[in-house]
Structures are given as C-alpha cells and as structure tokens.
Amino acid sequence: MKLKWSNEAVADVARLHDFLAKVNPIAAARAAQTLTLAPRQLLDRPQVGRQLDQYLPRDVRRIIVGNYEMRYERVESTVYILRVWHTREER
C-alpha cells in the first residue's frame, strides 16, 4: 500500500498548524506531527475508518485523530488523504 496526500489535505494541516501556533507553537508542532503520522495505520488496515455513504460508490472513509477528522479514499493499493478538519470547525 502507498499513502498520498491531496493538495487540499496538505493545506489543511498547514492551516491548522498556523491557527494553533498563534496560541501555542509547541502544541501546533505536535498536532501537525500527529496528523502527519496517523495515516500510516491505514497502510495496514485501510478499512479501519467509518465509510461515508454520501460518497458511494467511492470508498471514502473517515478517522478521528484526537480532535481532528481525516477523510481518505482507498483506490486499489493507494490510500489518499483527502481532507483534514478540527472537529469543532465549520465546513
């Protein structure tokens, strides 16, 4: 399995980091690192996330990482990280 990030997901992590860094730079760095490393679990268990029916027939799922939601899609042998949000964030 391979892991790839969409441009939007990379921008989401940067945005979340920048927002938190204004208040607590150390926590911001820790959160960005956690969000970057968390999807590695999907390489061994891509079905771990809850499937989001509104995207059917695509296999789009979500996992919760701390206070953040990550949406991802499995296509053949690749897991694509699509978006990342804080769970309190309006979308």
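You'll find the structure just up there.
These numbers come from a predicted model, not from an experiment.

Analysis parameters
Residues numbered from 1 in each chain as written. Predicted model: local features only at pLDDT ≥ 70, side-chain atom pairs only at ≥ 80, totals over all residues. Heavy atoms only, no water. Helix = DSSP H or I, 4+ residues; strand = E, 2+ residues; numbered from the N terminus. Buried < 20%, exposed > 50% of the residue type's maximum accessible area, 1.4 Å probe, protein only. Contact = heavy atoms within 4.5 Å. Areas by Shrake-Rupley, 256 points an atom, 1.4 Å probe, with all protein chains shown as cover. Core = buried A, V, L, I, M, F, W, Y, C linked by side-chain atoms within 4.5 Å. Pairing = 2+ DSSP bridges.

## Focus on the overall build of the protein chain
At step 1: Across its full length, the protein chain carries three helices and five strands.
At step 2: Considering only C-alpha atoms, the protein chain reaches an extent of 40 × 25 × 20 Å along its principal axes.
At step 3: Counting only residues that meet the buried cut, the protein chain has 35% of its 91 residues in that class.
At step 4: Partitioning the intrachain contacts of the protein chain with sequence separation of at least 6 by distance along the chain shows that 45% fall at a separation of at least 24.
At step 5: Here the protein chain has roughly 5900 Å² of accessible surface; of this, 51% comes from carbon and sulfur atoms.

## Looking at the nonpolar core
At step 1: The biggest cluster of nonpolar side chains holds 16 residues, and the ones touching the most others in it are L35, M70, I81 and V84.
At step 2: Apart from the residues within four sequence positions on either side, M70 is in contact with W5, L35, A38, P39, R61, R62, I63, V65, I81, R83 and V84.

## Section: the pairing of strand β3 (residues 60–65)
At step 1: In the sheet, strand β2 (residues 50–51) pairs with β3 via two bridges, with the strands oriented antiparallel. Looking at β3, one finds that R50 is bridged to R62.
At step 2: Sheet topology places β3 next to strand β4 (residues 68–75); six bridges connect them, and they run antiparallel. Looking at the pairing, V60 lines up with E73 of β4.
At step 3: From the end of β3 to the start of β4, which pair antiparallel, there are two residues, and G66 there has a positive phi angle of about 65 degrees.

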